[in-house]
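Secondary and tertiary structure notes
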Amino acid sequence: MASKTLLRIPFRPQHLSSIAPTSCLQHHRFLSLRELDESKRGIYNQSPFHPNFALTEPARERVLILGSGWGGFGVARSLDTKQYQPILITPRTYFVFTPLLASTAVGTLEFRTAMESSHSIKGVEVIRGWADSVNIGKKFVHIESIGDEVVRFDLGYDKLIIVVGSYAQTFGIPGVKEHAMFLKDVSDARRIRSRVLERFEQASLPTVSSERMKELLNFAIVGGGPTGIEFAAELHDLFRDDLVHVYPTLAETAKITVYDVAPSILGMFDKKLQVYAENVFRRQHIDVKTSHHVLEVQADAIVTKEDGRVPVGAVVWSTGLATNPFVAGPLGKPFLLHRDYTNQPTEMKIVKAPRGGQIQVDSHLRVLAEPTSGGTPAPLDDIFALGDCAAIVDKHLPATAQVANQQANWLGKSLNKAARKKEHGAADVAGEKEFRFRSLGVMAYLGGWRAITQTDGVDVKGRMAWLLWRTAYMTKSVSWRNRVLIPTYWFLNWILGRDINRF
């Protein structure tokens, strides 16, 4: 009789996250695959015969997040770890606050202020590696680790979020990848800072001719968008405020030139703000060359259709974004999927945007797939894509951090709501409100404590816009640590000057 009573005891699994603190899970950060699987499906921390045995929550869904940029980092921070097991797969284990990279490249801020550790997100596991391929039919990702000892393994998922970002667009121009510098990561900013200071050191040698000095101190920036313009402004401030005291003659000789193929810079701003920006640059002796076509980048020169070969000391390239090769490669292959209750799988492929090649998603950010033989695209309920690598059908959104951040917050909240509503099975965001982007405006720093901002038709320029620009970047920083460090470095560098050591 007793045994029959015992059979009626509810026997529900328990998450490792809810086990007593004596569990090994509470004592180390990096988990084995077995422990990840146990944490996902739940295990027993004690016998059901124990007097402290209690019912626990159902097993969590595992969410693999590919990428730690604005989208990936934002989703990981937003997910409820009681409902999901987020695992961040990323080649770099930190998030970069990209609007501050231009400031770090010239020493206005230190590199640490533009970085947030992915390990700081509570309840999220981080794997440093690449997603080499995705098996959509069997729901697992093949991962290749990064380090001295490369390890390859498969990791299953319940939901997959693709946020692999984009690469710098080079348009196939010869020499760009080999000789130009980009501004996408902290390592790029460090390289630029080192190159600029190195050129001044070379130009200061007593054996350098006047002509060679001008060549070394000619800095070219290709791209008239906010990133290129802000870097030109920050570089001007470095010359005017700091290097002029160390290299008085050289700082006056140094030249900054902005090249852009468009007829005007800052195309996303109103015409009057574009004209204001060009006038500010003109007064600061920053040369703006619009309607110029770059033909080649050499080790010590830039070649344009209009000016020919121009010797330069460095080229910083900021001309837009190109689709990540992961989207065209592993995600471009057909896969087999059971679309109904029959045993016959259908060969499917992920739908790509016709112009940019991004992953097409619906208004709930679900990846769209269609039969390779033709047919109507349909969303995959367990795969999402957002940020620069995704494009919503029939909507054109700018490839900015603002869009990726809003998409990440929406997806995280929608998944949390869906998980709380579900009675059984997987959480489904189809019943949640559609994603809608709300533009918070655009801004750009122009140097000399001047900026421009444009929000809902309201234009602000000059010192007031500069205050708004600095306040926005400070308050949007993720951690309180950086919210304190950023204004501290601004103040210290204003009083004591920038760090001009090359390391």
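These numbers were taken from a predicted model, which means no experiment stands behind them.

The next point concerns the packing of aromatic side chains. The tally for this structure, following the rule as stated, stands at 14 aromatic pairs. For the ring pair Phe 200 and Tyr 247, a centre distance of 5.5 Å and an interplane angle of 35 degrees mean the geometry is tilted. One end of the pair, Phe 200, is in helix α6 (residues 186–203); the other, Tyr 247, is in the loop between α8 (226–246) and α9 (248–253), with 47 residues separating them in the sequence. Considered together, Phe 200 and Tyr 247 belong to a single accessibility category, that of buried residues. Their ring planes at 5 degrees and their centres at 4.8 Å tell us that Trp 449 and Trp 466 sit as a pair that is stacked. Of this pair, Trp 449 sits in the loop between β24 (442–447) and β25 (450–455) while Trp 466 sits in helix α13 (residues 463–475), placing them 17 residues apart in sequence. In this structure Trp 449 comes out as partly exposed when scored by relative accessible area, which is 30%.

Turning our attention to the packing of α13 against helix α14 (residues 480–496). Their axes nearest at 8 Å, the elements α13 and α14 cross at an angle of 145 degrees. Between α13 and α14, the contacting residues are Arg 470, Met 474 and Thr 475 on the first element and Arg 483, Pro 487 and Trp 490 on the second.

The next point concerns unusual backbone geometry. Backbone geometry places Leu 266, a non-glycine residue, at a positive phi of 55 degrees. Summarising the element assignment, Leu 266 is placed in the loop between β11 (255–259) and α10 (271–283). Residue class for Leu 266 comes out buried when judged on its relative accessible area of 0%. Positive phi, close to 60 degrees, is recorded for Trp 449, a residue that is not glycine.

What counts as what
- Residues numbered from 1 in each chain as written.
- Predicted model: local features only at pLDDT ≥ 70, side-chain atom pairs only at ≥ 80, totals over all residues.
- Heavy atoms only, no water.
- Phe/Tyr/Trp six-rings, centres within 6.5 Å; stacked < 30°, edge-to-face > 60°.
- Helix = DSSP H or I, 4+ residues; strand = E, 2+ residues; numbered from the N terminus.
- Buried < 20%, exposed > 50% of the residue type's maximum accessible area, 1.4 Å probe, protein only.
- Axes fitted to C-alpha atoms, helices over the stretch in contact; angles between N-to-C directions.
- Contact = heavy atoms within 4.5 Å.

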